[in-house]
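# Remarks on the overall topology
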Amino acid sequence: MQSHSLDVDIHIVLNDICFSAAHVDDLFPFFLRHAKQIFPVLECKDDLRKISDLRIPPNWYPEARAIQRKIIFHSGPTNSGKTYHAIQKYLSAKSGVYCGPLKLLAHEIFEKTNTAGVPCDLVTGEERVTVELDGRQAAHVACTVEMCSVTTPYEVAVIDEIQMIRDPARGWAWTRALLGLCAEEVHLCGESAAIDLVTELLYTTGEEVEVKNYKRLTPISVLDHALESLDNLRPGDCIVCFSKNDIYSVSRQIEIRGLESAVIYGSLPPGTKLAQAKKFNDPNDPCKILVATDAIGMGLNLSIRRIIFYSLIKPTINEKGEKEIEPITTSQALQIAGRAGRFSSQFKEGEVTTMNYEDLSLLKEILNRPVDPIRAAGLHPTAEQIEMFAYHLPETTLSNLIDIFVDFSQVDGQYFVCNMDDFKFSAELIQHIPLSLRVRYVFCTAPINKKQPFVCSSLLQFARQYSRNEPLTFAWLRRYIKWPLLPPKNIKDLMDLEAVHDVLDLYLWLSYRFMDMFPDASLVRNLQKELDAIIQDGVHNITKLIKISETHKLLNLEGLPPGKQSCLSGTLKSQARRTRSTKSAGSKAAVPPDPHVGEISLASRLVQQGLLTPDMLKQLEKEWLTQQTEHSKERTESGVYSKGTRRKKKEPNSD
């Protein structure tokens, strides 16, 4: 009652309560007023619910609803000809759009269409190619699915890999294409698991789905024996790994056996992937073995006789953004296994097996399971919806606006809101930079690999330059990436070059959104081609880079003192021995001749078997470092204090 900071009205109520002239409940209106000041969401809760109502997505596309579309679903496994039949309709139409999941696929259809004498443009996030000499848009366009126009009318549209409508991060792009494309005929290509969901979604638009089923053109068989040793490799074999460490390990072991291998993984530039695929496919090239991740599952035509799963465990990110280490799904296994024995390759019959015998029964079980039907399609808030949220909550950061939007969003059982952790990561990264909300939103939708520090810092630097109204010129970019770049001398150099390639991709992506601030797209594209050639040379000599690179760096153990590295290696080996002793006596494991390689594959196997996780490996590293620090401290104290005040002799170069 002695307070002088209270408003007069609340002071009077408190006074009345003290003298029993009022009830404590009379304070509630003042509490509510305070709560609305602290949590402004409460003031406009009803408006926010209306803005984030995502229950009827078909209504977002009035142009598509204005026409009666014919929907044809081409369903079948890999190498069944489903995409071929859809593309034939696309080529024979007066106008058409192809929507693919990867830049590689968009490029392939772009080239195939123009080769067939049908003028076709290319549109991806980082590239626009117009084939008409006068600069007019061609009647046909091949694009990545995120870039398709939902306002341009077409006669035929093709949406490839429609089952990706369930993807936790990118599913919204397939939902948008499915509901929004203005085409008289929409041809969907993908797994049968998506048929029921697509039919239900289009039932709400009054459109019927015609299903055409296809069978695989060439037979594929699961072998009864595992590879067991890399000595048993044959021309046309592809070893599928789910980590770079395994790729490096296997490539090194193949090279030791006097064989040459091609390497394909996700973070390689498209040009390098195509070059490695061409090298592997060339019957006159001595390279007859392919080592790859599941990046071969889409977008590359490969002449593979036998798929060999090095492991069946793959780290994935679920809808909540959490990392999970689980066996691959039936859908993933079928997608990868289906790359063997393609109709257009020299091997007409495909085979599938595993590296280790103990994995073979699990592979057969996975492949024999029915594919789980897809239950829901992804959605994503638009820039307009976020702007309306910001109007009601002007002091809220973009990252928090996304959180509030997801909390308030209402979806029915056929849809889910896609994971937006990458968007929020970028939003928090550039939050302190003064940008308008729309510009900030565009920067946050730029596709970056947040595991690459240089790419993340580049997004920050680009945003900072933009906020100062300083154009990012070609000369500035060359200085920034320290061009010219040298060929890689080890694996770390190669990964650094891949990160620079991603930065150039980021520049090109932004150049099509902010042409005046990123003015030198054509020069940067030429620079990127030069960098692609440098990376191709590095990948061509990857076994030399692996040989030069120290094994402990590949295992992320470079921070450990040398003595502790050997201790940790011993720990891993003893765990592996215990693991092997529990397995059947009849199973035979490949023993790598190089001891360093053995350490790599051993750690990888322990991670794959669930005995170790990357986090556990880091924890071990921290514990060793802590122990080493404590031991060093004890030795120092012992040396300084054990003999009175005598100090240790200073070494000449100790400074």
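Each value, and the rule that gives it
Throughout, a residue's number is its position along its own chain's written sequence, starting from 1. Totals for whole chains, interfaces and linings use every residue, but because this is a predicted model, local features are given only for residues with pLDDT of at least 70 and side-chain atom pairs only at 80 or more, for both listing and counting. Just so you know, side-chain values use all the structure's heavy atoms and leave hydrogens and water out. Points on a 1 Å grid, built from protein atoms alone, make a cavity when a 1.4 Å probe fits but cannot get out and make a pocket when they are open with protein on both sides within 12 Å along at least 5 of 7 lines; residues with an atom within 4 Å of a point are the lining residues. Grid points are joined across faces, edges and corners, and a volume is the space filled by probe spheres set on the points. Secondary structure elements are taken from DSSP: a helix is a run of H or I of four residues or more, a strand is a run of E of two residues or more, and numbering for both begins at the N terminus. Only buried residues count toward a nonpolar core, which is a set of Ala, Val, Leu, Ile, Met, Phe, Trp, Tyr and Cys residues joined through side-chain atoms within 4.5 Å. Working definition: with a 1.4 Å probe on protein chains only, accessible area under 20% of the residue-type maximum means buried, over 50% means exposed, and in between means partly exposed. Here, residues are in contact when the closest pair of their heavy atoms is within 4.5 Å. Pairing between strands is defined by DSSP: at least two bridges between the two strands are required. Axis lines are fitted to C-alpha atoms, over the contacting stretch for helices. Their N-to-C directions set the angle, which ranges from 0 to 180 degrees. Any Lys or Arg side-chain nitrogen located within 4 Å of an Asp or Glu carboxyl oxygen qualifies as a salt bridge.

### Remarks on the layout of surface pockets
Computed from the structure, the second largest pocket encloses a volume of approximately 1000 Å³. If you trace the second largest pocket, you find 47 residues lining it, with Thr-78, Asn-79, Ser-80, Lys-82 and Arg-342 closest to the centre. Those elements that place two or more of their residues in the lining of the second largest pocket are helix H5 (82-92), helix H6 (103-115), strand E9 (220-222) and helix H11 (330-337). By residue number, the principal contributor to the lining of the second largest pocket is H5, which donates six residues.

### What about the nonpolar core?
The biggest cluster of nonpolar side chains holds 128 residues, and the ones touching the most others in it are Phe-443, Phe-462 and Phe-518. Top contributing element to this core by residue count: helix H19 (residues 491-511), with twelve residues. For Phe-518, the residues in contact, after removing those within four places along its chain, are Phe-443, Phe-462, Tyr-466, Leu-472, Tyr-507, Leu-510 and Ser-511. Among the nonpolar cores identified, the runner-up in size contains 27 residues, and Phe-242, Ile-296, Leu-300 and Ile-328 belong to it.

### Some words on the sheet that holds strand E16 (residues 350-354)
Read from one edge to the other, the open sheet built from six strands follows the order E9-E16-E13-E10-E12-E11, with strand pairing classed as parallel. The strands lining the two open edges of the sheet, one partner per strand, are E9 and strand E11 (261-264). In this sheet, adjacent strand axes meet at a mean angle of 20° when their direction is disregarded. Both E9 and E16 contribute to a ladder of three bridges, which runs parallel. In the sheet register, Val-222 faces E16, and the bridge partner there is Val-352. Lying on the sheet, helix H10 (residues 270-281) is in contact with strand E10 (237-240), E11 and strand E12 (289-292); it crosses E11 at an angle near 150°. Relative to strand E13 (residues 306-309), H11 is tilted by about 140°, and along the sheet it contacts E9, E10, E13 and E16.

### Describing the pattern of salt bridges
A full pass over the atoms with the stated rule returns 25 salt bridges. Between Asp-53 and Arg-55 there is a salt bridge whose closest N-O contact spans 2.7 Å. For Glu-108, the salt bridge is made with Lys-112, and the minimal N-O distance between the two is 3.7 Å. Placement of the pair is Glu-108 and Lys-112 together in helix H6, with a separation of four residues, close to one helical turn. Salt bridges linked by common partners bring Arg-65, Arg-69 and Glu-207 together as one network.

The values reported here are purely geometric and, on their own, carry no functional implication.
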